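Structure at a glance
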Amino acid sequence: MTEAVETRTTTYREAMREAIREALQRDERVFLMGEDVGRYGGTFGVSRGLLEEFGEERIRDTPLSEGGFVGAGIGAAIGGMRPIVEVMTVNFSLLALDQIMNNAATLLHMSGGQINVPLVIRMTTGGGRQLAAQHSHSLEGWYAHIPGIRVLAPATLEDARGMLGPALEDPDPVIIFEHGSLYNMESELDGDAPPVDLTSAGVRREGDDITLVTYGGTLPTTLAAADELAGSGIAAEVIDLRSLRPLDTETILASVRKTRRAVVIDEGWRTGSISAEISARIVEGAFFELDAPIARVCSAEVPMPYAKHMEDAALPQVADVVAAAREVVGSRP
Amino acid sequence: MPRETIELPYEVERLTILGEDGEVDEELVPDLDDDTLLRFHRTMLLARRFDERLLKLQRQGRIGTFAPVSGQEAAQIGSAACLEEADWMVPSFRETAAALWRGTPASALVLYAAGYNEGAAIPEDAHDFPIAIPVASQIPHAVGLAYGSKYRDAGEVVLVYFGDGATSEGDFHEALNFAGTYGTPNVFLCQNNHWAISVPRETQTAAKTLAQKGLAYGIPGIQVDGNDVLAVYAATREAVERARSGEGATLVECVTYRLSVHTTADDPSKYRDEEEVEEWKKRDPITRLQTYLESRDLLSEEDVDDLEEEIAGEVEKAWEEAEKRMEELGDPADMFDHHYAETPPHLEAQRERWTDG
């Protein structure tokens, strides 16, 4: 038995915390700042214990000002630091959208290629926790629209643990979306889980009958749907996008060329969404290999309802994915 | 007592050293050697003549939209001169004079005004930021930069420029609040030029001064005659020294005036009286410094004539150099450069489609 490569059961939250801890240990330029990240350990508990371990200079509680601290993160990054900025939820990040889009994403261009912004912004996204219409949206697609940044959506413990390190090494701004429903997800993880690549999509389950494309919070939903479909003899292949900008079109197309059918599952609103982009790319790249129209399972196009029964109805559920997949498979030519 | 007054010990000083007539308050004159004073004058004059040339080039359709500096030379030179080379200068979009003082070649400024981002290239090792057009968004950057400086114990001070309009933006308030709570080594240098495009200073805020906006954030503020280069220098130097010695940030309000257009895209005759402009022309910062230097026999009329000629040549050379660079940089496919440290495949594909198409 070696002690170093111990596998243990852990959570997505702890995997993320471990990634931050390792980054802080490895590089003195790294510091974490955001609302409630210090004394409270983060509103989702990700940074619990880090203030005690690393001190106030490196685990920095900020005033409530998203534009201010994302902007400060940009300045610190340009000045040689490697800040990790935590925004409590994606809805609050809209207050910092000018800093993210007009500043972080454009300064390299505006400086004629001279000024990189090696900033990592982490934020919680998505619904399912009865946090109502101002804390629950899934706006990853808005950010994926912006050139000049990298957008990641870790949906597994390996990615929660392994994406932060390479993201901090990236000279360009990186946004990491952590779906709130994933924090308590448990699985086995190697004690020294390695860094992961930031560009390719992952095949989370192989199958020949239909491709289910998803990312982030709807990966567990989609995998559960694939299980159920297997019970009725439909072998679904599940693609986890992992990176929303850039998109790994090739992995999606390779799967669709094999299965000839696709359903895209996206917690964002359908109109102008990532699911729309994926559908367009499949049509552009594999139109003649499709045996059926592409289907999409998205959130209802309403502000996220507060009441549980309505929120459940608004979000993509396992049954919705199963029904959509059955319909697409059923429409064999 | 259920209702009592909370003492808020705060006052805003107003500083003038060099009067409109060129007379100085000898007791307040900062310690500056003759060469430095002449360099102030030369760079202010260069900024003014350069500005006038850029305006002509813009009207001829040879460069793009830009924001002239005329009238604000003292506010910029007096403040930029307080920075050491390792200190950081974070501009908004009108800091031509400050950039020239910090060593940005005039040809680069023309190139940028013509739309070429290559002109924004900052000289190697220079601690200057590129221009920021969103209004106030650069102020939080300056605070984060200063936080890094403090964390690394680098001793670098960060001076950030913005205008009167920016003090109404959220980013200004969020940044000052940060600087107050974090004790960062910042100088917030407001050039109150009285007009945010068509919005006059009195419509911008009901506050008596902009300097007092530091009060709510625990940051001292001072108002300075912004057309008085000596007062700007003296006040900014104090602020830089405070920052460097770990006492935190200062807000310096330079009361000045934009003599020209906001940018070449607007027409001031639609929103302000020419009489007001004429009044401010009497307070011209360059004339004022020139009168002072002449009174001290540091400069003669003849010297100024020679200087004008020299500067005209310099401005011409800057344009010629920029024009030459523009010819070399003519490929529109260059638009795909500089969005990521390494251009990703999807952008390379777009470049190829564009080039082939």
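Residues numbered from 1 in each chain as written. Chains lettered and ligands numbered in written order. Predicted model: local features only at pLDDT ≥ 70, side-chain atom pairs only at ≥ 80, totals over all residues. Heavy atoms only, no water.

**Quick word on the packing of helix α1 (residues 34-59) of chain B against helix α11 (residues 301-328) of chain B**
Residues and elements named next belong to chain B. Stated precisely, the cut-off is as follows: Throughout, an axis means a line fitted to C-alpha atoms (over the contacting stretch in the case of helices), and angles, computed between N-to-C directions, take values from 0 to 180 degrees. Under the scheme used here, helices are H or I runs from DSSP no shorter than 4 residues and strands are E runs no shorter than 2 residues, and both carry numbers assigned from the N terminus. Orientation is classified from the angle alone, with under 35 degrees giving roughly parallel, over 145 giving roughly antiparallel, 65 to 115 giving roughly perpendicular, and any other angle giving oblique. The sense of a crossing depends on the near helix, which, turned anticlockwise from the far helix by less than a right angle, makes the crossing left-handed and, turned clockwise, makes it right-handed. Whether two residues touch is decided by their heavy atoms; if any such pair falls within 4.5 Å, the residues are in contact.
Direction vectors running N to C along α1 and α11 enclose 50 degrees, while the axes themselves pass 10 Å from each other. Classed by the angle they form, the pair α1 and α11 counts as oblique. Our pair here, α1 against α11, has a crossing hand that is right-handed. Here α1 contributes His-41, Arg-42, Leu-45, Leu-46, Arg-49, Phe-50, Arg-53 and Leu-57 to the contact with α11, which in turn contributes Leu-307, Glu-308, Glu-310, Ile-311, Glu-314, Val-315, Glu-316, Ala-318 and Trp-319.

**Quick word on the sheet that holds strand β10 (residues 210-214) of chain A**
Strand pairing in a sheet relies on backbone hydrogen bonds, with the paired strands running either antiparallel or parallel. Residues and elements named next belong to chain A. Spelled out, the test is: Here, any two strands with at least 2 DSSP bridges between them count as paired.
Spatial strand order, β9-β11-β10-β13-β14: 5 strands in an open sheet with mixed pairing. The two strands at the open ends of the sheet, each matched to only one other strand, are β9 (202-205) and β14 (295-299). Neighbour to neighbour, the strand axes of the sheet diverge by 25 degrees on average, direction disregarded. By the bridge criterion, 3 bridges tie β9 to strand β11 (residues 236-240) in an arrangement that is antiparallel. If you follow Arg-205 over to β11, its bridge partner there is Val-238. Taken strand by strand, helix α11 (residues 249-259) contacts β9, β10, β11 and β13 (262-269), and its axis lies near 170 degrees from that of β11.

**Re the state of the cysteines**
Stated formally: Here, the term disulfide refers to a pair of cysteine sulfur atoms separated by no more than 2.5 Å.
Across all of its chains, the model carries 0 disulfides over all chains by this definition. As a non-bridged cysteine, Cys254(B) has Cys190(B) as the owner of its nearest cysteine sulfur, 7.7 Å distant.

**Overview of a nonpolar patch on the surface**
Heads up, the condition is: Here a patch means residues that are over 30% exposed by relative accessible area and free of salt bridges, tied together within 9 Å if like-charged and within 5 Å if nonpolar (Val, Leu, Ile, Met, Phe, Trp, Tyr). Here the Shrake-Rupley method, with its probe set to 1.4 Å, supplies the accessible areas, and only the displayed protein chains count as covering residues. Salt bridges are identified by distance alone: a Lys or Arg side-chain nitrogen within 4 Å of an Asp or Glu carboxyl oxygen.
Among the surface-exposed residues, Val283(A), Phe287(A) and Phe288(A) lie close enough to one another that they form a single nonpolar patch of about 360 Å² accessible area. On the secondary structure map, Phe288(A) appears in the loop between α12 (274-286) and β14.

**Things to note about the domain arrangement of chain A**
Put simply, an interface is often sized by how much accessible area is lost when its parts join up. Residues and elements named next belong to chain A. Here is the rule: For the domains described, the bounds stem from an automatic or database domain assignment. Buried surface area refers to the total accessible area, computed with a probe of radius 1.4 Å, that the two partners give up upon joining, counted for both partners together. Any pair of nitrogen or oxygen atoms within 3.5 Å is treated as a polar contact; in protein, a donor-acceptor pairing is required on top of that, and neighbouring residues in sequence qualify only through side-chain atoms on both sides. In this classification, the charged set is Asp, Glu, Lys and Arg, the nonpolar set is Ala, Val, Leu, Ile, Met, Phe, Trp, Tyr, Cys and Pro, and all remaining amino acids, among them Gly, are polar.
Domain boundaries assigned for chain A yield domain 1 (7-190) and domain 2 (202-330). The C-alpha centroid of domain 2 is placed 26 Å from the C-alpha centroid of domain 1. Domain 1 puts 31 residues into the contact, and the matching count from domain 2 is 25 residues. Around 2100 Å² of area is buried between domain 1 and domain 2 when both sides are counted, 58% of it from carbon and sulfur atoms. At the junction of domain 1 and domain 2, the tally comes to 2 salt bridges. Residue Arg-204 is joined to Asp-159 by a salt bridge in which the shortest nitrogen-to-oxygen separation is 3.1 Å. In this assembly, domain 1 and domain 2 are joined by 15 residue pairs in polar contact (both at pLDDT 80 or more). Looking at the side of domain 1 that touches domain 2, the elements with two or more residues in it are α7 (140-144) and β6 (150-152). Of the residues belonging to the side of domain 1 that touches domain 2, the class tally is 15 nonpolar, 12 polar and 4 charged.

**A word on the pattern of salt bridges**
Residues and elements named next belong to chain A. Basically, it comes down to this: Buried, partly exposed and exposed residues are distinguished by accessible area as a fraction of the type maximum, computed with a 1.4 Å probe on protein chains only: under 20%, between the cut-offs, and over 50%, respectively.
Applying the stated rule across the entire model yields 41 salt bridges over all chains. Between Asp-312 and Lys-308 there is a salt bridge; the shortest N-O distance is 2.8 Å. With Asp-312 and Lys-308 both in helix α13 (residues 308-314) and 4 residues apart, the pair spans about one turn of that helix. Residue Lys-308 is classed as partly exposed on the basis of its relative accessible area of 48%.

**Notes on the nonpolar core**
Quick note on the threshold: Put simply, a nonpolar core is a bunch of buried Ala, Val, Leu, Ile, Met, Phe, Trp, Tyr and Cys residues held in one set by side-chain atoms that sit within 4.5 Å of each other.
Core analysis: the biggest nonpolar cluster contains 80 residues, and Val70(A), Ile121(A), Tyr143(A), Leu241(A), Ile278(A), Phe162(B) and Phe188(B) have the highest contact counts within it. Residue-level mapping places this core at the junction of two domains, with at least three residues from each of domain 1 (7-190) and domain 2 (202-330) of chain A. If we skip the residues at most four places from it in the chain, Leu241(A) touches Ser200(A), Ala201(A), Val213(A), Thr214(A), Tyr215(A), Leu247(A), Ile252(A), Ile274(A) and Ile278(A). Within the second largest apolar cluster, 70 residues are counted, among which are Leu18(B), Leu46(B), Val110(B) and Val157(B).

**A look at the sheet that holds β6(A)**
Residues and elements named next belong to chain A. Spatially, β3-β2-β4-β5-β7-β6-β12 is the arrangement adopted by the 7 strands of the open sheet, whose pairing is mixed. In this open sheet, the two edge strands, each paired with only one partner strand, are β3 (59-61) and β12 (243-245). Within this sheet the neighbouring strands show an average axis-to-axis angle of 20 degrees, counted without direction. Taken together, the 3 bridges between β6 and strand β7 (residues 174-179) define a ladder with parallel strand orientation. Residue Arg-150 lies in a different strand from β7, and its bridge partner there is Val-174.

**A look at the pairing of β13(A)**
Residues and elements named next belong to chain A. Taking burial as the measure, the 8 residues of β13 include 7 buried ones, the bulk of the element. The pairing of β10 with β13 spans 3 bridges and is parallel. For Leu-212, the partnering residue across the bridge sits in β13 and is Val-263. Sheet analysis places β13 next to β14, joined by 5 bridges and oriented parallel. Counterpart to Ile-265 in the pairing with β14 is Val-297.

**Some points on the interface of chain A and chain B**
Counting residues at the interface gives 46 residues for chain A, matched by 33 residues for chain B. Across the chain A/chain B interface, buried area totals approximately 3200 Å², and carbon plus sulfur atoms make up 60% of it. On the chain A side of the contact with chain B, His109(A), Met110(A) and Gln114(A) bury the most area, a combined 17% of that side's loss. Counting every contact that joins chain A to chain B gives 0 salt bridges. Mapped onto the side of chain A that touches chain B, the elements with two or more residues apiece are β2 (30-34), β3, α3 (66-78), α5 (97-104) and α6 (107-110) of chain A.

**Some details on a negative patch on the surface**
All names here are of chain B. To be explicit about the condition: Residues counted as positive are Lys and Arg, residues counted as negative are Asp and Glu, and His and the chain ends are not counted. By convention, the point assigned to a charge is CZ for Arg, NZ for Lys, CD for Glu and CG for Asp.
A grouping of Glu-301, Glu-302, Asp-303, Asp-305, Asp-306 and Glu-309 is seen on the molecular surface, where their side chains present a negatively charged patch. Inspection of the secondary structure assignment puts Asp-306 in helix α11. Relative accessible area serves as the criterion here: at 47%, Asp-306 is assigned to the partly exposed category.

**Observations regarding the packing of aromatic side chains**
Condition: Stacked, edge-to-face and tilted labels apply to pairs of Phe, Tyr and Trp rings (six-membered ring for Trp) whose centres lie within 6.5 Å, assigned for plane angles under 30 degrees, over 60, and everything in between, in that order. For a ring to carry a charge above it, either NZ of a lysine or CZ of an arginine must fall within 6 Å of the ring centroid while also lying within 35 degrees of the normal to the ring plane.
Within this structure, the stated rule accounts for 13 aromatic pairs over all chains. Seen in terms of ring centroids, Phe40(B) and Trp101(B) are 5.4 Å apart; in terms of plane orientation they differ by 70 degrees. Their pairing is edge-to-face. Here Phe40(B) is found in helix α1, whereas its partner Trp101(B) is found in helix α3 (residues 96-101), with 61 residues between them in sequence. For the pair shown, Phe40(B) and Trp101(B) are each scored as buried. On the basis of an interplanar angle of 5 degrees and a centroid distance of 5.1 Å, the ring pair of Tyr257(B) and Trp280(B) is categorised as stacked. With a gap of 23 residues between them, Tyr257(B) in the loop between β8 (250-255) and α9 (274-281) and Trp280(B) in helix α9 connect regions that are remote in the sequence. Exposure class is identical for Tyr257(B) and Trp280(B). Each is buried. Of the aromatic side chains, those joined through ring pairs into one cluster are Phe31(A), Tyr147(B), Phe178(B) and Tyr182(B). Sitting over the ring of Tyr182(B), Arg60(A) keeps its end group 3.9 Å from the ring centre.

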